[in-house]
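Given next are the chains, with one letter for each unit.
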Amino acid sequence: MKEGFRQAMAWLHTWTGLIFGWLLFAIFLTGTLAYFKGETSHWMQPEIPARPLNAEASLTLAQTYLQQHAAGASRWLIDLPDARDPGLGVRWQPAPARPGERGQFISKTLDAQTGAEVQARESMGGEFFYRFHFQLQMPYPWGRWLSTIAAMVMFVALITGIITHKKIFKDFFTFRPRKGQRSWLDGHNAVGVLVLPFHLMITYSSLVIFMSMVMPASILASYGNNVRAFYDEVFPAANVPEPAGQPATLAPLAPLLRSASEQWSGGHVGRISVNNPGDANASVVMSRAGSDRVVNDAGSAVTFNGVSGQIIGTPSQQPMAMAVAGSFYGLHMGHFAGPVLRWLYFICGLAGTAMIGTGLVIWLGKRQLKHAKTGVMPFELRLVEVLNIASMAGLVAAVAVFFWANRLLPVSLVGRDDWEVNAFFITWGLSVVHALFRPGRRAWVEQLSLGAALFVAVPLLNGLTSPYHLGVTVPEGDWVLAGFDLTCLGSGLFLAWAARKMQRAGHTVSVKKTAREKARPITLEQGAN
Amino acid sequence: MLLALLLCYSAFTALCLAMPRHHEELLGHKPSARRRQGLKLAGWLLLGLSLWAAVFMKGWSFGLVDWCAVLMLSALTLVLLLPYRPRLALTMAGLSLLASPVAAWALN
């Protein structure tokens, strides 16, 4: 390979990585946290009790509740509880005032065992991280576009990174710590190369997920302006039939669970939607739980006549192209992952986050060396430094504040869930201001220490403000809640270690009175949930 | 998944030892050509075996995902362990190799 080509690729890698690095760091970190979306939501709404799973009993309770409270609705949606998220979710859409309109969904959470409405505190829970990682808290569709562009850049950075890295196999097992800039590069290469299958999969699949938004040409060519028709054909289960206007009793839903399961040779039902309940034209759509298969298949629903309970639509054979797209979707989301594999997903996500973080640190470290003698940093380097600190250490502290806000904000506060999110962004914003006014290394140490203190104290705060603390959850064997507390504790200890390492590195430099400030371990923060 | 993990980890350790530089760092001397060949072959065989173990347990779709996950995890563990606790890294490889028949028997 010509050296000129490799240099060009290195240039591309350096600059695309820098410009999108901060955004990608945030996307990767929140996306990684989103692998524990259900668990995070459970911790943030602990009032919803975890019960032994019994799909049929829960479904009967949901049907009874909806028949009492939402008899005239045009549509019901029932989300069955699972091991990760214990709430029995019911939503309904009131019949529209005028035909063609779609009403706003009303959403309630029920106790999966008693069917009583649970008044959980208002909170977005893990859904916030999940939404943020592809919508970036921007109005539709701008956030999706920006995150998709970031994914494209990430893909470019991965490919150029592979080309730039000359000795992938020779240095496969190489990591040399305590060697300053060298160690950072080793670390960047190690997490990049060793976890490369995950990086490629996650980046490419994110482009596949939004393919109809990014490259709609084939859809537009076949369907013209009637894009709706395309989706109606792809997702036939989403079509809502017109109500007949004649009342009829809805069949009991629980027995239909078993028929649906037989259609999938033993698969599980995740969501049930009932169209026109109480009408002669009622239909029941049972969608398969994502935890059943790696390949996501939106068309694998079983449709029943809502009055007679007969099967009127069975899952169709998934076409090859859709199976490929579905497998990328499924791999990205990881709904199928059990606890062990989920943790591995989480670790891989952290490795990706670490790869981006080390890259940003290397960019700055290399350039700082040139200005070390004078001790004055040019504006652009200082800007990168401030953004590095705020986008990494600041973000991690903001995640911790988000959890704190969940426990500290009064339950009766209006717009409580919004205030949790506001707390996150206020903290993140303040971290930029803080980084601006403090010298680089001090700012790193202080923000990492703040994050460490906040995370370590999460189990304590939880114990003081809720009856769901470790003293209760561990003896009860509620490993979702206990695991959350313990993971926070672990992340806090890790951040404390990072802060200490950072401070010591700074200390030795000042003691030796060498102006040359090597980028000694600024150790990456990989905040976990 | 455990069996695949044990096999993967020992496979990567063997492949690592097959490289003269790492062999010298870990064991104090350069390997002979025969030894290198042997280690390389053992490493690849173990990798293949771990793939078989993962797919055998859970079928192709789940098995392949599991295998990729343990592949990345075991390589990452080995590389992060090597500079700090080289003896432990080697001991763990030996132990995983010894434990893998037990794991295979227990999981069946």
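That block above? That's the structure.
**Describing the overall build of chain B**
Of regular secondary structure, chain B possesses 4 helices and 0 strands. The N-to-C order of helical and strand elements in chain B reads α-α-α-α. In summary, chain B has a C-alpha radius of gyration of 14 Å against a globular reference of 13 Å for 108 residues, a match within 12%. Long-range contacts, defined as pairs at least 24 residues apart, comprise 67% of the intrachain contacts of chain B with a sequence gap of at least 6.

**Some remarks on the overall build of chain A**
Helix and strand counts for chain A stand at 19 helices and 7 strands. Relative to a compact globule of 529 residues, whose C-alpha radius of gyration would be 24 Å, chain A shows 26 Å and is just as compact. The dimensions of chain A, computed from C-alpha atoms along their principal axes, are 85 × 60 × 40 Å. Counting over 529 residues, chain A shows a buried share of 50%. By sequence separation, contacts in chain A at least 24 residues apart represent 70% of the contacts at least 6 residues apart. With an accessible surface of roughly 24,800 Å², chain A has 63% of that area assigned to carbon and sulfur atoms.

**Brief notes about the side chain of Gln447 of chain A**
Take Gln447 of chain A: it is sitting in helix 16 (residues 440-456). Residue contacts for Gln447 of chain A: discarding those within four places in its chain leaves Ile389, Ala390, Ala393, Gly394, Ala397, Ser431, His434 and Ala435 of chain A.

**Overview of the packing of helix 3 (residues 33-81) of chain B against helix 4 (residues 86-107) of chain B**
All names here are of chain B. Where helix 3 contacts helix 4, the two axes come as close as 12 Å, and the packing angle between them is 165°. The orientation of helix 3 with respect to helix 4, classified from their angle, is roughly antiparallel. For helix 3 against helix 4, the interelement crossing comes out right-handed. The segment helix 3 lies against helix 4, with Leu46, Met57, Leu78 and Leu81 engaging Pro86, Leu88, Ala89, Met92, Leu97 and Leu107. Its residues assigned to classes, the contact of helix 3 with helix 4 shows 10 nonpolar, no polar and no charged.

**Structural notes on a nonpolar patch on the surface**
Among the surface-exposed residues, Trp419, Ile426, Leu430, Val432, Val433, Leu436 and Phe437 of chain A lie close enough to one another that they form a single nonpolar patch of about 710 Å² accessible area. Considering the arrangement of structural elements, one finds Val432 of chain A in helix 15 (residues 416-437).

**A few points about the nonpolar core**
Ranked by size, the top nonpolar core spans 125 residues in total, and within it Phe173, Phe198 and Phe403 of chain A together with Phe12 of chain B carry the most contacts. Sort the elements by how many residues they give to this core and helix 3 of chain B lands first, with 17 residues. Each of domain 1 (1-47 + 124-234 + 337-341) and domain 3 (372-529) of chain A gives at least three residues to this core. What Phe12 of chain B contacts, discounting residues up to four positions off in sequence, is Phe172 and Phe173 of chain A together with Leu47, Leu71, Ser74, Ala75 and Leu78 of chain B. By size, the runner-up hydrophobic cluster in this structure holds 28 residues, among which are Leu59, Ala260, Trp264 and Val274 of chain A.

**Topic: the state of the cysteines**
Tallied over the entire structure, the rule returns 0 disulfides over all chains. Take Cys16 of chain B: it sits in no disulfide, and the sulfur closest to it among the cysteines is that of Cys8 of chain B, at 14 Å.

**Notes on the sheet that holds strand 1 (residues 73-79) of chain A**
All names here are of chain A. Judged by pairing direction, the sheet is antiparallel, and its 7 strands sit side by side in the order 3-2-1-4-5-6-7 without closing on themselves. Each of the sheet's edge strands pairs with one partner strand only, and the pair in question is strand 3 (106-110) and strand 7 (311-313). Looking at each pair of strands side by side, their axes are set apart by 20° on average, direction ignored. Here helix 3 (residues 55-69) sits on the sheet in contact with strand 1, strand 2 (88-94), strand 3, strand 4 (269-275) and strand 5 (283-288), set at roughly 30° to strand 2. Here helix 11 (residues 254-263) sits on the sheet in contact with strand 4, strand 5, strand 6 (302-305) and strand 7, set at roughly 145° to strand 6.

**Concerning the packing of aromatic side chains**
Residue and element names in this part refer to chain A. Under the criterion given, the structure shown has 37 aromatic pairs over all chains. Centre to centre, the rings of Tyr204 and Phe328 are 5.1 Å apart; their planes meet at 70°, and the pair counts as edge-to-face. Residue Tyr204 is located in helix 7 (residues 196-209), and its partner Phe328 is located in helix 12 (residues 320-333); the two are separated by 124 residues in the primary sequence. Aromatic side chains Trp343 and Phe346 sit 5.5 Å apart centroid to centroid with 80° between the ring planes, which places their arrangement in the edge-to-face category. Separated by 3 residues within a single helix, Trp343 and Phe346 lie in helix 13 (residues 339-370), roughly one turn from each other.

**What to know about the interface of chain B and chain A**
Opposite the 23 residues of chain B that make contact, chain A presents 26 residues. Here chain B meets chain A over a buried area of about 2,000 Å², counting both sides, of which 83% is carbon and sulfur. The closest approach of N and O atoms between Arg21 of chain B and Asp171 of chain A, which form a salt bridge, is 3.1 Å. Run the count over chain B and chain A and you get 3 residue pairs in polar contact (both at pLDDT 80 or more). Among the secondary structure elements, those contributing two or more residues to the side of chain B that touches chain A are helix 1 (2-17), helix 2 (20-27) and helix 3 of chain B. No other element matches helix 3 of chain B, which puts 13 residues into the side of chain B that touches chain A. Class assignment of the residues belonging to the side of chain B that touches chain A gives a composition of 19 nonpolar, 2 polar and 2 charged.

**What to know about the environment of Ser212 of chain A**
Tracing the backbone through its elements, the reader meets Ser212 of chain A in helix 8 (residues 211-214). When residues no more than four places from it in sequence are discounted, the contact partners of Ser212 of chain A are Ile219 and Tyr231 of chain A.

**Topic: the pattern of salt bridges**
Residue and element names in this part refer to chain A. Taken as a whole, this structure holds 18 salt bridges over all chains when the rule is applied. Among the ionic pairs, Arg121 bridges to Glu47, the shortest N-O distance being 2.8 Å. With Arg121 in the loop between strand 3 and helix 4 (127-135) and Glu47 in the loop between helix 2 (37-44) and helix 3, this residue pair connects regions lying 74 residues apart in the sequence. Among the residues examined, Glu47 registers a relative accessible area of 24% and is labelled partly exposed. Taking the shortest distance from any N to any O, the salt bridge between Arg416 and Glu420 comes out at 2.7 Å. In this pair, Arg416 and Glu420 are both assigned in helix 15, 4 residues apart and thus about one turn of the helix distant. For the residue pair Arg416 and Glu420, the accessibility class agrees, reading buried in each case. Counted as one network, the salt bridges with shared partners bring together Lys37, Glu127 and Arg131.

Conventions used here
Residues numbered from 1 in each chain as written. Chains lettered and ligands numbered in written order. Predicted model: local features only at pLDDT ≥ 70, side-chain atom pairs only at ≥ 80, totals over all residues. Heavy atoms only, no water. Helix = DSSP H or I, 4+ residues; strand = E, 2+ residues; numbered from the N terminus. Rg over C-alpha atoms; globule rule 2.2 N^0.38 Å. Contact = heavy atoms within 4.5 Å. Buried < 20%, exposed > 50% of the residue type's maximum accessible area, 1.4 Å probe, protein only. Areas by Shrake-Rupley, 256 points an atom, 1.4 Å probe, with all protein chains shown as cover. Axes fitted to C-alpha atoms, helices over the stretch in contact; angles between N-to-C directions. Parallel < 35°, antiparallel > 145°, perpendicular 65-115°, else oblique. Left-handed = near helix turned anticlockwise from the far one by under 90°. Nonpolar A, V, L, I, M, F, W, Y, C, P; charged D, E, K, R; others polar. Patch = residues over 30% accessible without salt bridge, like charges linked within 9 Å, V, L, I, M, F, W, Y side chains within 5 Å. Salt bridge = Lys/Arg side-chain N within 4 Å of Asp/Glu carboxyl O. Core = buried A, V, L, I, M, F, W, Y, C linked by side-chain atoms within 4.5 Å. Domains from an automatic or database assignment. Disulfide = S-S within 2.5 Å. Pairing = 2+ DSSP bridges. Phe/Tyr/Trp six-rings, centres within 6.5 Å; stacked < 30°, edge-to-face > 60°. Buried area = accessible area lost by both parts, 1.4 Å probe. Polar contact = N/O pair within 3.5 Å; in protein donor to acceptor, adjacent residues only side chain to side chain.

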